[in-house]
Amino acid sequence: MASKVVVVTGSNKGVGFGIVRALCKNFKGDVILTARNPELGASAVKELEKEGLSPKFHQLDINDHESIVKLRDFLQSTYQGLDVLVNNAGIAYKQASTAPIAEQAEVTLKTNYFATLDACEVLYPLLRPHARVSNVSSMVSQFALAKCSDEFKSRFVSKDITMDELTGIMKKFVQSAQKGTHKEEGFSDSCYGMSKIGVTVMSMIQQREMDKKGSQDIVINACCPGYVNTDMTSGKGSLTIDQGAETPAYLALLPPDVKEPRGQFVREKKVAKWSM
Ligand SMILES: NC(=O)c1ccc[n+]([C@@H]2O[C@H](COP(=O)([O-])OP(=O)(O)OC[C@H]3O[C@@H](n4cnc5c(N)ncnc54)[C@H](OP(=O)(O)O)[C@@H]3O)[C@@H](O)[C@H]2O)c1
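An unreviewed UniProt entry annotates the protein as carbonyl reductase (NADPH) of Plakobranchus ocellatus. Quoted verbatim from the Sequence similarities (unreviewed entry) field of the UniProt record, the comment on the protein reads "Belongs to the short-chain dehydrogenases/reductases (SDR) family."

So, on to helix 5 (residues 140-147). By the burial criterion, the buried members of helix 5 are Ser-141, Gln-142, Ala-144 and Leu-145. Each buried residue of helix 5 sits inside an arc of 165° when the element is viewed along its axis, so together they form one side. Lining the buried residues of helix 5 we find helix 6 (150-156) and helix 8 (191-212).

In terms of burial, strand 5 (residues 127-136) is largely enclosed, as seven of its 10 residues are buried. Bridge count between strand 4 (residues 82-87) and strand 5: five bridges; the pairing is parallel. From the neighbouring strand, Leu-85 faces strand 5, where its bridge partner is Val-133. Where strand 5 and strand 6 (residues 219-224) come together, five bridges link them in parallel fashion. Its bridge partner lying in strand 6, Ser-134 is registered against Asn-221.

To continue, consider the packing of helix 7 (residues 163-179) against helix 8. For the pair helix 7 and helix 8, the least separation of the axes is 10 Å and the interaxial angle reads 175°. Comparing their axes, helix 8 and helix 7 come out roughly antiparallel. Residues Met-163, Leu-166, Met-170, Phe-173 and Ala-177 of helix 7 lie in contact with helix 8, whose contacting residues are Cys-191, Met-194, Gly-198, Val-201, Met-202 and Ile-205.

Our next topic: the nonpolar core. The biggest cluster of nonpolar side chains holds 74 residues, and the ones touching the most others in it are Val-6, Ile-19, Leu-23 and Leu-82. Broken down by element, the residue count for this core peaks at 10 residues, all from helix 8. Apart from residues lying up to four places away in sequence, Leu-82 is in contact with Val-5, Val-7, Leu-75, Leu-123, Leu-126, Leu-127, Arg-128 and Ala-131.

If you check the shell around the ligand, you find 33 residues, and the closest are Gly-10, Gly-14, Ala-89, Gly-90 and Thr-230. Sort the elements by how many residues they give to the shell around the ligand and helix 1 (residues 14-26) lands first, with three residues.

At a minimum axis distance of 8 Å, the contact between helix 4 (residues 101-123) and helix 8 shows a crossing angle of 20°. One finds that helix 4 runs roughly parallel with respect to helix 8. In this structure, the crossing between helix 4 and helix 8 has a hand that is right-handed. Between helix 4 and helix 8, the residues in contact are Ile-101, Gln-104, Ala-105, Thr-108, Leu-109, Asn-112, Tyr-113, Thr-116, Leu-117 and Cys-120 and Cys-191, Tyr-192, Met-194, Ser-195, Lys-196, Gly-198, Val-199, Met-202 and Gln-206, respectively. Among the residues making up the contact of helix 4 with helix 8, the classes are represented as 11 nonpolar, seven polar and one charged.

So, about unusual backbone geometry. Apart from glycine, the bulk of residues carry a negative phi angle, and the bulk of peptide bonds sit in the trans form. Looking along the chain, the bond that leaves Glu-260 and enters Pro-261 is cis, with omega of 0°. Structurally, the position occupied by Pro-261 is in the loop between helix 9 (241-252) and strand 7 (265-267). Within the chain, Asp-257 stands out as a residue other than glycine whose phi angle is a positive 60°. Backbone geometry places Lys-269, a non-glycine residue, at a positive phi of 65°. Relative to the helices and strands, Lys-269 resides in the loop between strand 7 and strand 8 (270-271).

About the thresholds
Residues numbered from 1 in each chain as written. Predicted model: local features only at pLDDT ≥ 70, side-chain atom pairs only at ≥ 80, totals over all residues. UniProt positions renumbered as here; feature names shortened; annotations may be inferred. Buried ≥ 20, exposed ≤ 12 C-beta atoms within 10 Å, placed from the backbone. Helix = DSSP H or I, 4+ residues; strand = E, 2+ residues; numbered from the N terminus. Arc of directions from axis to C-beta. Contact = placed C-beta atoms within 7 Å. Pairing = 2+ DSSP bridges. Axes fitted to C-alpha atoms, helices over the stretch in contact; angles between N-to-C directions. Parallel < 35°, antiparallel > 145°, perpendicular 65-115°, else oblique. Core = buried A, V, L, I, M, F, W, Y, C linked by C-beta atoms within 7 Å. Near = placed C-beta within 6 Å. Left-handed = near helix turned anticlockwise from the far one by under 90°. Nonpolar A, V, L, I, M, F, W, Y, C, P; charged D, E, K, R; others polar.

Structure representation (structure tokens):
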């Protein structure tokens, strides 16, 4: 039988690197560190090898559909499936950025929502029974939810929102940001926050879809790693990358037939509030 396998996206540095380290220590199977830049990936693998760990490497740029397909084909031919997927890759403009909101909305949503969804759509067919998916969102999704109009809030927390509807709202946000009308249309002003609402709600929808299909104990959750000291936070975060990896890795390693968390948003290993 092929060995079990976990993939962590965007793991050459930061929280993703910490997740790979944690999974190398605690997952019984192969751990694949991925990076869009193979040189950065190779040096991250080397660093972990110096610690006596043995991650494998595969290139992955989630903004490049062909790159996701290549990873899927590699997983299919080498492992005939996938046991754990951690969707960690993400970007954020710095608070001080002077880039226009039109650009920030398009670029941020492209990676954090649309590309993450693309990676899920390509890789989910490989998920085996008892697979676990840990989607790295952010507590900023909760803050952004609070800033949305009641109409959007009620859709984002509803149990009947579909992926098509969510994707339509995410596209609408980008279009309204480009017109400068996003706030009056009921969206939060935070492009990062809107993209992470997308990741949180996407995870909830995916769990419902899996359950509807009768998938065998596949569990999908979204989480916040906490405020972590990485390049994204310009070193200001209060947690180390290993501390930031704890919740995403906990969701990646949930035991068989777990009842909760399932299709939820998790902070500090606990189900967090996702309501109006
Ligand atoms: N740090 C925090 O306090 C915090 C809080 C809440 C949520 N998060 C979330 O945690 C995740 C990791 O953040 P971080 O703080 O570790 O950020 P980071 O240090 O900037 O690392 C981000 C990682 O994602 C990769 N990446 C970006 N775009 C990619 C793409 N298109 N394809 C593949 N990989 C891509 C980066 O690769 P390159 O090296 O090539 O750029 C890097 O490996 C993100 O989803 C972030 O939103 C972080």
